[in-house]
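# Chains, contacts and geometry: an overview
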Amino acid sequence: MLFKQQALLRQKLFVLGSLAIGSLLYLVARVGSLDRLQPLCPIDGRFGPRGQDEIQLRALQFKRGLLHEFRKGNATKEQIRLHNLVQQLPKAIIIGVRKGGTRALLEMLNLHPAVVKASQEIHFFDNDENYAKGIEWYRKKMPFSYPHQITIEKSPAYFITEEVPERIYKMNSSVKLLIIVREPTTRAISDYTQVLEGKERKNKTYYKFEKLAIDPNTCEVNTKYKAVRTSIYTKHLERWLKYFPVEQFHIVDGDRLITEPLPELQLVEKFLNLPPRISQYNLYFNATRGFYCLRFNIVFNKCLAGSKGRIHPEVDTSVITKLRKFFHPFNQKFYQITGRTFNWP
Ligand code: A3P
């Protein structure tokens, strides 16, 4: 009898213990997944199954504190109406520079609860065919967001395309412009590496970087080579300055974004007049990737795709020296105009 009572007691204690541990685990997960600093909006669990009127809700992907259905990027028209969701034109655009770290910057800014990213490069202002479709077409390409949030898109081709500054100015003359730059020679090699990978994928042969970057007739830097031209940042910026005052640009140090992202992101938060919300908690170094990755909450984290962070081919040191010497005066001018100095050689 006594033995039976003891067994019953043990069973009850086991059930109670499991319940306590379960509740504790739930609470830890819940607190971690909430936006600890600023609740975004009162989202409840009323959403039904996917309907025929379902539309993409990319805006809310991976946002802290949002329901799983939303994070998956799906919502019905009813949900959009219920939460006053809108498709807003971007208040800030990452206009370049290609291979500067534009994707990392966009993804990292998207950690901020008041920022919503357009996932794809839209190429509205640099592509004549898209531009001809009109501004409503562009707006419809934007993700859904709450009215208090700001939408950001990135299309690095904007920085180097002749017509773009005027077109963006016509859309919104006070839009904020972000430019992420890296040491110009490294950026040019990164640019080359991307093209090279594309060629290799198609089983095509390609020239060595040295052959493209140096004109074989003059032995001087080949300014006709696009990867070189793109790295002459000041030349492109000067075209933009015909439309926008320098205060409307913010320069991000792409080399520092790799090694020490938080201070760079904090400068951007300030520039965009956003309250500081991105913290060290949101960024963790992944030794396997060799880069910082993103932590949205206790459950959701992600690293950038493998196409970011390619191994660069080895380049002849004399070519590197020549390129650095070539870029030097342009860099000085760039520092002078932007008021941001880098330790580029
Ligand atoms: P490499 O591939 O030369 O290393 P973009 O997004 O503009 O194409 O830029 C790609 C570059 O972003 C990569 O260049 C990589 O170095 C850089 N980058 C910066 N932060 C990164 C991160 N957290 N994860 C992966 N790549 C990052």
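Up top you'll find the structure we're talking about.
Below or above, wherever it landed, is the structure these notes cover. Being a predicted model, the structure only gives us computed values, none of them experimental.

Read from one edge to the other, the open sheet built from five strands follows the order S5-S7-S4-S8-S9, with strand pairing classed as parallel. The open sheet has two edge strands, strand S5 (115-117) and strand S9 (249-253), and neither has a second partner. Strand after strand, the sheet turns through a mean of 25° between neighbouring axes, direction not considered. Sitting on the sheet, helix H4 (residues 102-109) touches strand S4 (92-96), S5, strand S7 (150-154), strand S8 (176-181) and S9, and the angle it makes with S7 is about 165°.

Moving on, we get to helix H8 (residues 164-171). The complete set of buried residues in H8 reads Val164, Pro165, Arg167, Ile168 and Met171. Viewed end-on, H8 has its buried residues packed into an arc of 165°, placing them on one side of the element. Lining the buried residues of H8 we find S4, helix H5 (128-131), helix H6 (135-140), helix H7 (157-160), S8 and helix H12 (233-240).

Here we come to the pairing of S4. Extensive coverage of S4 is indicated by the burial of five of its five residues. In the sheet, S4 pairs with S7 via three bridges, with the strands oriented parallel. Each bridged residue has a counterpart across the sheet, and for Ile94 the counterpart in S7 is Lys154. Looking at chain direction, S4 and S8 are connected through four bridges and run parallel. Pairing of Gly96 across the sheet is with Ile179, part of S8.

On to the site of the ligand, then. Not every one of the 18 residues close to the ligand is listed here, only the nearest: Lys99, Thr102, Ser190, Tyr292 and His312. Between the ligand and the protein, one listed contact pairs an oxygen atom with a backbone N or O atom of Arg103 at 3.0 Å. Contact distances for the ligand include 2.6 Å between an oxygen atom and a side-chain N or O atom of His312. If the ligand stood free it would expose 570 Å²; the protein chains cover 96% of that surface. Those elements that provide at least two residues to the shell around the ligand are H4 and strand S11 (291-295). Element by element, the count of residues in the shell around the ligand is highest for H4, at four residues. Partitioned by chemical class, the residues of the shell around the ligand number six nonpolar, six polar and six charged.

Attention now moves to unusual backbone geometry. Cis rather than trans, the peptide bond between Gly96 and Val97 has omega equal to 0°. Examined against the element boundaries, Val97 turns out to sit in the loop between S4 and H4. In this structure, His123 takes a positive phi of about 50° despite not being glycine. Here His123 shows up in the loop between S5 and H5. Here Cys219, not a glycine, exhibits a phi torsion of approximately 65°, which is positive. Here Cys219 lies in the loop between helix H10 (209-213) and helix H11 (226-230).

With five of five residues buried, S9 lies mostly within the body of the structure. Judged by which residues are buried, S9 turns out to be covered on both faces: Phe249, Ile251 and Asp253 on one side and His250 and Val252 on the other are all buried.

One way to put it is that helix H9 (residues 184-201) packs onto helix H15 (residues 317-338) with a least axis distance of 9 Å and a crossing angle of 120°. Relative to H15, the element H9 lies oblique. Contact residues: Pro184, Thr185, Thr186 and Ile189 in H9; Ile320, Leu323, Arg324, Phe327 and Asn331 in H15. Classifying every residue of the contact of H9 with H15 by side-chain character gives five nonpolar, three polar and one charged.

Before going further, it helps to spend a moment on the pattern of salt bridges. Counted by the stated rule, this structure contains 17 salt bridges. Glu264 is paired through a salt bridge with Arg340; the nearest N and O atoms lie 2.7 Å apart. Placement of Glu264 in helix H14 (residues 261-271) and of Arg340 in the segment after H15 is noted, with a sequence separation of 76 residues between them. Assigned by exposure class, Glu264 and Arg340 land together as buried.

Across its 22 residues, H15 extends 29 Å between first and last C-alpha, which sits within 8% of the 32 Å expected from 1.5 Å per residue. Burial in H15 covers these residues: Val319, Ile320, Leu323, Phe326, Phe327, Asn331, Phe334, Tyr335 and Thr338. The inward-facing, buried residues of H15 abut S8, H9, H10, H11, H12 and S9. Immediately downstream of H15, the backbone of Gly339 shows phi near 75°, a positive value.

Once that is clear, we can look at the side chain of Gln248. Take Gln248: it is sitting in the loop between H12 and S9. When residues no more than four places from it in sequence are discounted, the contact partners of Gln248 are Ser173, Ser174, Val175, Lys176, Leu177 and Phe271.

Strands sit in the order S10-S11-S12 across an open sheet of three strands; the sheet is antiparallel. Each edge of the sheet is formed by a strand with only one pairing partner; in this case those strands are strand S10 (283-286) and strand S12 (301-302).

About the cut-offs
- Note that residues are indexed from 1 along each chain, following the sequence as it is written.
- Local features in this predicted model are restricted to residues whose pLDDT is 70 or higher, and side-chain atom pairs enter the listing and the counts only when it is 80 or higher, whereas totals over whole chains, interfaces and linings include all residues.
- The side-chain figures draw on all heavy atoms in the structure; neither hydrogens nor water molecules are used.
- Any two strands between which DSSP finds at least two bridges are classified as paired.
- In this text, helices come from DSSP runs of H or I with a minimum length of four residues, and strands from runs of E with a minimum of two, each type numbered from the N-terminal end.
- Helix axes use the C-alpha atoms of the stretch in contact, all axes being lines fitted to C-alpha atoms, and the angles between their N-to-C directions lie in the range 0 to 180 degrees.
- The contact rule is simple, with two residues in contact once any of their heavy atoms fall within 4.5 Å.
- Under the scheme applied here, a residue whose accessible area is under 20% of the maximum for its type counts as buried, over 50% as exposed, and between as partly exposed, the area being computed with a 1.4 Å probe on protein chains only.
- In this context, the arc is that of the directions from the helix axis out to the C-beta atoms.
- By convention in this text, a residue qualifies as near a molecule or strand provided that one of its non-hydrogen atoms is within 4 Å of it.
- For the purposes of these results, a polar contact is taken to be a pair of N or O atoms within 3.5 Å, where, inside protein, one atom must be able to donate a hydrogen and its partner to accept one; residues adjacent in sequence count only when each atom of the pair is a side-chain atom.
- In this description, accessible areas are obtained by the Shrake-Rupley approach with a 1.4 Å probe, and a residue is regarded as covered only by the protein chains that are shown.
- As a working rule, the residues Ala, Val, Leu, Ile, Met, Phe, Trp, Tyr, Cys and Pro are called nonpolar, Asp, Glu, Lys and Arg charged, and the rest polar, with Gly in that last group.
- Should an angle lie under 35 degrees it is considered roughly parallel, over 145 roughly antiparallel, and from 65 to 115 roughly perpendicular; all remaining angles are considered oblique.
- Salt-bridge detection follows one rule: a side-chain nitrogen of Lys or Arg within 4 Å of a carboxyl oxygen of Asp or Glu.
- A helix is expected to span 1.5 Å multiplied by its residue count minus one.

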